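Each chain, letter by letter, is given below.
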Amino acid sequence: MAYDFDKIARDYDRMNHLMTAGLDRWWRLYGTRAACPRNLRKQDACVPTENKVLDVACGTGDMCLLLAKRGFAVTGVDLSEEMLAIARQKTALSNFQLSTFNFQLGDAEHLPFEDASFDAVTCAFGVRNFVHLEQGLGEMLRVLKPGGRMVILELATPDSALVRPLYNIYTRRIIPWLGQRLAGSREAYTYLPQSIERFPKGEAFLERLRNSGFKIHDCRHRRLTFGVCRLYVVCKNEEAAG
Ligand SMILES: C[S@@+](CC[C@H](N)C(=O)[O-])C[C@H]1O[C@@H](n2cnc3c(N)ncnc32)[C@H](O)[C@@H]1O
């Protein structure tokens, strides 16, 4: 069963920025840039374009706001009504037109969209929570237009033998303690490092993407901040899926 983010929605942003010392903002920025077609890369003001992006597991909408800044019309989908409520609030308070965003309650494993509906698909720190990973990845590729780009950010354990012990102490002891003190949930923040350790990273993750039923090319992955965060970028083949 998927973890219920309704329980921690209120404290989610604060905990995220605190746990990562603000690096999560930078990671999302990096992911947003990777999702942009070349002509939008340099854009830093809100100039609406025809490009439609789907942000899967959009949570409280931080990635959606960055994508809108790049000129995308953004659809955000998430399983948690409480997370979506915060996303709607944040985007309503932003300078963007309300029509820039469309938030929907929905499951990544059964996306409520037609095939090939989006120019780009993104997912920041969401895929680790899917119950059936390949099903979710396959759905994300199904709704992506041929030639479109999919960008995934996900947390991972660092490879370096030097960094690993520090990472382990931080994630196994300090994060659950912070979770208890600041968000009233040791359980949620014990789940976090456990789910990261179980999750495939690097080539192993790209292999799962290749197994998701759609042909992809230009598969890349990049380690951010000692590999604590991974950026995956793939393109869907121009020819029909299958
Ligand atoms: C760690 S949060 C990431 C939120 C946001 N993308 C961000 O950058 O902070 C994970 C989100 O994935 C959502 N989620 C988990 N499984 C999902 C699924 N199968 N379909 C849609 N959303 C899902 C959760 O409700 C939660 O909001």
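Details of the structure are given in the entry above.
About the thresholds
- Every chain is numbered independently, its residues counted from 1 as its sequence is written.
- This being a predicted model, a pLDDT of at least 70 is required before a residue's local features are given, and a value of 80 or more before pairs of side-chain atoms are given or counted; all residues contribute to the totals for chains, interfaces and linings.
- Here the side-chain values reflect all heavy atoms present in the structure, with hydrogen atoms and water set aside.
- For the purposes of this entry, the term helix denotes a DSSP run of H or I that reaches at least four residues, the term strand denotes a run of E that reaches at least two, and both are numbered from the N terminus.
- Under the scheme applied here, a residue whose accessible area is under 20% of the maximum for its type counts as buried, over 50% as exposed, and between as partly exposed, the area being computed with a 1.4 Å probe on protein chains only.
- The criterion used for residue contact is that any of the two residues' heavy atoms lie within 4.5 Å.
- Strands are treated as partners if at least two bridges between them are detected by DSSP.
- Here an angle of 0 to 180 degrees is reported between the N-to-C directions of two axes, which are lines fitted to C-alpha atoms, with helices fitted over the stretch in contact.
- In this text, buried Ala, Val, Leu, Ile, Met, Phe, Trp, Tyr and Cys residues form a nonpolar core when linked through side-chain atoms within 4.5 Å.

Novice: So what exactly am I meant to see when it comes to the environment of Pro158 here?
Specialist: With respect to the helices and strands, the residue Pro158 is situated in the loop between strand S5 (144-155) and helix H6 (163-183). Given a relative accessible area of 0%, Pro158 falls into the buried group. Remark: the alpha-carbon pair of Pro158 and Arg230, spanning 72 residues in sequence, is separated by 9.7 Å. Ignoring anything within four residues of it in the chain, the contact list for Pro158 reads Val163, Arg164, Tyr167, Lys201, Phe226, Gly227 and Val228.

Novice: Looking at this structure, how should I read the sheet that holds strand S4 (residues 118-124)?
Specialist: If you walk across this open sheet you meet the seven strands as S3-S2-S1-S4-S5-S7-S6, and the pairing is mixed. Pairing within the sheet leaves two strands with one partner each, and these edge strands are strand S3 (101-105) and strand S6 (216-224). Mean inter-strand twist for the sheet, computed between neighbouring axes without regard to direction, equals 15 degrees. In the packing of helix H2 (residues 23-35) onto the sheet, contacts are made with S4, S5, S6 and strand S7 (229-236), and the angle to S5 comes to roughly 165 degrees. Lying over the sheet, helix H5 (residues 133-142) contacts strand S1 (52-56), S4, S5, S6 and S7, oriented at roughly 140 degrees with respect to S5.

Novice: Explain the nonpolar core to me, please; I cannot follow it from the model alone.
Specialist: Where a protein is soluble and globular, its nonpolar side chains tend to be buried together. In terms of nonpolar packing, the biggest core is built from 45 residues, with Val74, Leu153 and Tyr189 touching the most fellow members. With five residues, the single largest contributor to this core is helix H7 (residues 186-198). Apart from the residues within four sequence positions on either side, Val74 is in contact with Val53, Cys64, Leu67, Ala68, Thr100, Phe101 and Asn102. Core analysis: the second largest hydrophobic core is formed by 27 residues, Leu111, Val121, Val143 and Tyr232 among them.

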